[in-house]
Amino acid sequence: MNRRYRNLRIEKRNRLFELAYIDPITGLGNYNAYLARTKEKIEINSKKTIIILDIDKFKSFNKKYGHMKGNALLKRVGEEIKHSIRKTDIVCRLANDVFGICLSGEVDVENITRRLNNKISRIKIEDIWYNLRISMGVYICGKEEKDVQSVIDKAIMAHDSIKGKYHVPYGVFTEEFEQKLIRESEIENMMEYAIRNKEFEVYYQPQIDSQTERIEGAEALVRWRKDGNMISPGEFIPIFEKNYFIIKLEEFVYEKVCENIQEMKKELKKVPTISVNISKESLLEKDFLEKYMKITKQYGISPNDIELEITERTTVDNNIDMKEILEEIKEKGFSIAIDDFGTGYSSLNMLEILPIDTIKIDKSFIDRIGEKSHTINLLEIIFLITKELNLKTVAEGVEKSEQVKYLKEKNCDLMQGYFFAKPLGFDALKNYIKENKQKE
Ligand code: C2E
Ligand code: CA
Ligand code: CA
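Residues numbered from 1 in each chain as written. Chains lettered and ligands numbered in written order. Predicted model: local features only at pLDDT ≥ 70, side-chain atom pairs only at ≥ 80, totals over all residues. Heavy atoms only, no water.

J.: Talk me through the packing of aromatic side chains; I want residue IDs and the actual numbers.
T.: Under the counting rule described, the total for this entry stands at 17 aromatic pairs. Seen from their ring centres, Phe-236 and Phe-240 are 5.5 Å apart, and the 40° between their planes marks the pair as tilted. Highlighted residues: Phe-236 and Phe-240, both in helix α8 (residues 233-243), separated by four residues, approximately one helical turn. Residue class for Phe-236 comes out buried when judged on its relative accessible area of 0%. Judged by relative accessible area, which is 0%, Phe-240 ranks as buried. Three or more aromatic residues joined by ring pairs form one cluster here, namely Phe-200, Trp-224, Phe-236, Phe-240 and Phe-245. Directly above the aromatic system of Trp-129 lies the positively charged group of Arg-122, at a separation of 4.6 Å from the ring centroid. Directly above the aromatic system of Tyr-418 lies the positively charged group of Lys-422, at a separation of 4.8 Å from the ring centroid. (Phe/Tyr/Trp six-rings, centres within 6.5 Å; stacked < 30°, edge-to-face > 60°. Helix = DSSP H or I, 4+ residues; strand = E, 2+ residues; numbered from the N terminus. Buried < 20%, exposed > 50% of the residue type's maximum accessible area, 1.4 Å probe, protein only. Lys NZ or Arg CZ within 6 Å of the ring centre and 35° of its normal.)

See the structure below:
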């Protein structure tokens, strides 16, 4: 073989290698290169730290400054990462604005993530400074782990876990985290069967008028009974919100509530208003109101019998026109309550703008009644505002008589909590209503 031909072949091989392994924008390795090089590293017996890093809102940056600037930014970020780690460490660009890093030996995670954050949060391109935010997922991989894909996946999961948490620049994949994921997928595997198999039930927690001590309302709370054990809504609701199963579950709860109201109307003179929790996922569904109205009519009851609870957090999403959505709901005759009030950073003028009837003061405020702290002042402010705006108030998680005393003094409209009753099954609720009546 002549030399010229051999050189050509080597050149061609190098070009193919480049195409397969080099990211043309940053000059770093690409995803294939990251897999191959990290695999090589983790096959050597020592500790490795995997970091997945991405730039928040890179899409908006591209839109605002154009693709050329976007590409220049990616290149600069790649350089900054390279300068922050050792020569023997690996950095590659995996996709869009996502970088993969693999560090060898003992690593101070706090330190390296801070260094990366500092370097990248202010970046200069052609004499102009840009402020950026990054988020990182970290996985510290033990000596014995050899499966490169699983190691990278864990760092990605750690990264996903901090999505939307603006003040947290990085998340670490831990043992506890892994347990949580296993449990999450268990729950996901069981949910469809559970709804078919009637494992979900609706409980009701009475809401008591603070002046008359009569039951005026009840909150519907879902329960999951699996083989005789209760799974807590605190555990499954967040999972169902993530995978949108909540839409199906809430429809089930709502239908049960309508059925129960219909039954109570036949048996009782006065039926308490039932509050139903509605997640953002359901609320934003296109045919939400249509669907719920259909169910309501099917049971011959009226939206006036029902209050819909949406959390304060749901109302603070700037991307949606909450006012319009809630107004439509109100027009049908439902009342609307803001749940967990005081925990969601809503602005006070939201209370004026949105068509709200009721404020449910979060338990954390009620817990501090009796403590000598500023919370009491905060509570007083909440009562002043709600009076001013003519909003009904419900105190959540009332457990002690001194809380009852305070809430009565403040003319809080309704009280809900273990002091009066735990969430009750439907039959127990009916008994509670009958006994409560006899007390008159
Ligand atoms: P939430 O809407 O804030 O409901 C109040 C929770 O506080 C209920 O827990 C209730 O049992 C509990 N609670 C009531 N009084 C007291 C008290 O005096 N002390 C204490 N320590 N706790 C009290 P639960 O039933 O476990 O529900 C937890 C959360 O699950 C609810 O919080 C709600 O966010 C969610 N949830 C329950 N059912 C549904 C539903 O159908 N749809 C949606 N989206 N969420 C639901
Ligand atoms: Ca609620
Ligand atoms: Ca609540």
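J.: Mind laying out the coordination of the calcium ion (ligand 2), listing which residues take part and the relevant values?
T.: Protein ligation of the calcium ion (ligand 2) involves Glu-219 (OE), Asn-277 (OD1), Glu-309 (OE) and Asp-339 (OD), the donor distances falling in the range 2.1 to 2.3 Å. Each donor residue of the calcium ion (ligand 2) belongs to the same chain, and together they define the spacing E-x57-N-x31-E-x29-D. The distance between the calcium ion (ligand 2) and the calcium ion (ligand 3) comes to 3.9 Å, with Asp-339 serving as a donor to both metals. Here Glu-219 is found in strand β9 (residues 215-226), whereas its partner Asp-339 is found in strand β13 (residues 335-341), with 120 residues between them in sequence. No difference in accessibility class separates Glu-219 from Asp-339, as the two residues are buried. (Donors = N, O, S within 2.8 Å, 3.2 Å for Na, K, Ca; no water.)

J.: Requested: an account of the nonpolar core, with residues and values cited.
T.: Residues Phe-200, Phe-240 and Leu-407 are the most contacted members of the largest nonpolar core, which totals 77 residues. Once you skip the residues sitting within four places of it in the chain, Phe-240 turns out to touch Ile-187, Met-191, Phe-200, Trp-224, Phe-245, Ile-246 and Leu-249. Core analysis: the second largest hydrophobic core is formed by 27 residues, Leu-53, Val-77, Val-109 and Tyr-130 among them. (Core = buried A, V, L, I, M, F, W, Y, C linked by side-chain atoms within 4.5 Å. Contact = heavy atoms within 4.5 Å.)

J.: Lay out the site of ligand 1 with the relevant residues and their values.
T.: Residues in close proximity to ligand 1 total 21 residues, the closest being Gln-205, Arg-223, Glu-250, Glu-399 and Tyr-418. Within the side chain of Gln-205, an N or O atom sits 3.0 Å from a nitrogen atom of ligand 1. Within the side chain of Glu-399, one N or O atom sits 2.5 Å away from a nitrogen atom of ligand 1. For ligand 1, whose free accessible area comes to 800 Å², the fraction covered by protein is 80%. (Near = heavy atom within 4 Å. Polar contact = N/O pair within 3.5 Å; in protein donor to acceptor, adjacent residues only side chain to side chain. Areas by Shrake-Rupley, 256 points an atom, 1.4 Å probe, with all protein chains shown as cover.)

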